[in-house]
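# A closer look at the structure
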Amino acid sequence: MSVAVEVQAVAASYDHTLFLGQDGTVRAAGHNFYGQLGDGTTTRSLNQVQILDYVNSISTGSYHSLFLREDDSVWATGSNARGQFGDESTEGSLLPVRVLGRAARSMSAGMGTSFFVDEGDRVLAAGHNRRGELGIGATTGDTVTETLE
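Bear in mind that the values here come from a model prediction, so they are computed numbers and not experimental data.

Before going further, it helps to examine the overall build of the protein chain. Along the protein chain, the regular secondary structure elements total 0 helices and 12 strands. Helices (α) and strands (β) of the protein chain occur, in sequence order from the N terminus, as β-β-β-β-β-β-β-β-β-β-β-β. Scaling as 2.2 N^0.38, a compact globule of 149 residues should have a C-alpha radius of gyration of about 15 Å, and the protein chain matches this with 14 Å. Projecting the C-alpha coordinates of the protein chain onto the three principal axes gives extents of approximately 45 × 30 × 20 Å. When each of the 149 residues of the protein chain is scored for burial, the buried share is 45%. The long-range share in the protein chain, meaning contacts at least 24 apart out of those at least 6 apart in sequence, stands at 38%. Accessible surface computed for the protein chain: about 7300 Å², of which carbon and sulfur atoms make up 46%. Taking the average place of the 10 positive charges on the side chains of the protein chain and the average place of its 18 negative ones, the gap between the two points comes to 5 Å.

In structure tokens:
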């Protein structure tokens, strides 16, 4: 099967993949139990489904996906059980929702974690931190949002 648009980036996680087209559209495929594909369902997709447009960058965590849009807003979909959306909540979403509350220059998703670099070059670390994976100098539990200078 060929991809309908030219792809500029691919982000792959444990069981789902995001494809960023040259035209700024995002397509997703794979496991979707937590809604990480962002198509409004929890149904696995063996074919790529288009989910978002006007995107510059993508990143996949284990059960969530992050999108940096052309206007520097950050969007997320999937599990937010560890607060990895960086929006001070643990409410997940089956569709991409705007998160973070500030513009970002880059972002990266991990296993229950997310990191965002804002326009002031500050790093926001969010999510699971039982093993110190956020790099904030402590192991502080499950739902942490901390700005690193």
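This paragraph deals with the pairing of strand β7 (residues 74-78). In terms of residue burial, β7 counts as a mostly covered element, since 4 of its 5 residues are buried. Bridge analysis of strand β6 (residues 64-69) against β7 gives 5 bridges, and the strand direction is antiparallel. Bridge pairing in β7 links Phe 67 to Trp 75. Between β6 and β7, which pair antiparallel one after the other, the connecting turn spans 4 residues, and Asp 72 there sits at a positive phi close to 70 degrees.

With that settled, consider the environment of Ser 13. Turning to its location among the elements, Ser 13 is positioned in the loop between β1 (7-12) and β2 (16-21). As for Ser 13 and Arg 82, which are separated by 69 residues in sequence, their C-alpha atoms are 17 Å apart. Discounting residues that sit within four places of it in the chain, Ser 13 has contacts with Thr 60, Gly 61 and Ser 62. At 2.5 Å, the side chain of Ser 13 and the backbone oxygen of Gly 61 are in polar contact.

Looking now at the pairing of strand β9 (residues 104-109). With 5 bridges joining them, β9 and strand β10 (residues 113-118) adopt antiparallel strand pairing. Counted as the bridge partner of Ser 106 is Val 117 from β10.

Next up on the list: the nonpolar core. Membership of the largest hydrophobic core comes to 13 residues, with the highest contact counts inside it found for Leu 66, Val 74, Val 99, Leu 100 and Phe 116. Only β6, β7, β9 and β11 (123-129) provide two or more residues apiece to this core. Broken down by element, the residue count for this core peaks at 3 residues, all from β9. Residues within four places of Val 74 in sequence aside, it is in contact with Phe 67, Leu 68, Val 97, Arg 98, Val 99, Leu 100, Ala 104 and Phe 116. Val 26, Ala 28, Val 55 and Phe 67 belong to the second-largest nonpolar core, a separate cluster that totals 11 residues.

The rules behind these values
- Residues numbered from 1 in each chain as written.
- Predicted model: local features only at pLDDT ≥ 70, side-chain atom pairs only at ≥ 80, totals over all residues.
- Heavy atoms only, no water.
- Helix = DSSP H or I, 4+ residues; strand = E, 2+ residues; numbered from the N terminus.
- Rg over C-alpha atoms; globule rule 2.2 N^0.38 Å.
- Buried < 20%, exposed > 50% of the residue type's maximum accessible area, 1.4 Å probe, protein only.
- Contact = heavy atoms within 4.5 Å.
- Areas by Shrake-Rupley, 256 points an atom, 1.4 Å probe, with all protein chains shown as cover.
- Lys, Arg positive; Asp, Glu negative; His and termini not counted.
- Charge placed at Lys NZ, Arg CZ, Asp CG, Glu CD.
- Pairing = 2+ DSSP bridges.
- Polar contact = N/O pair within 3.5 Å; in protein donor to acceptor, adjacent residues only side chain to side chain.
- Core = buried A, V, L, I, M, F, W, Y, C linked by side-chain atoms within 4.5 Å.

Coordinates in, geometry out; function isn't part of it.
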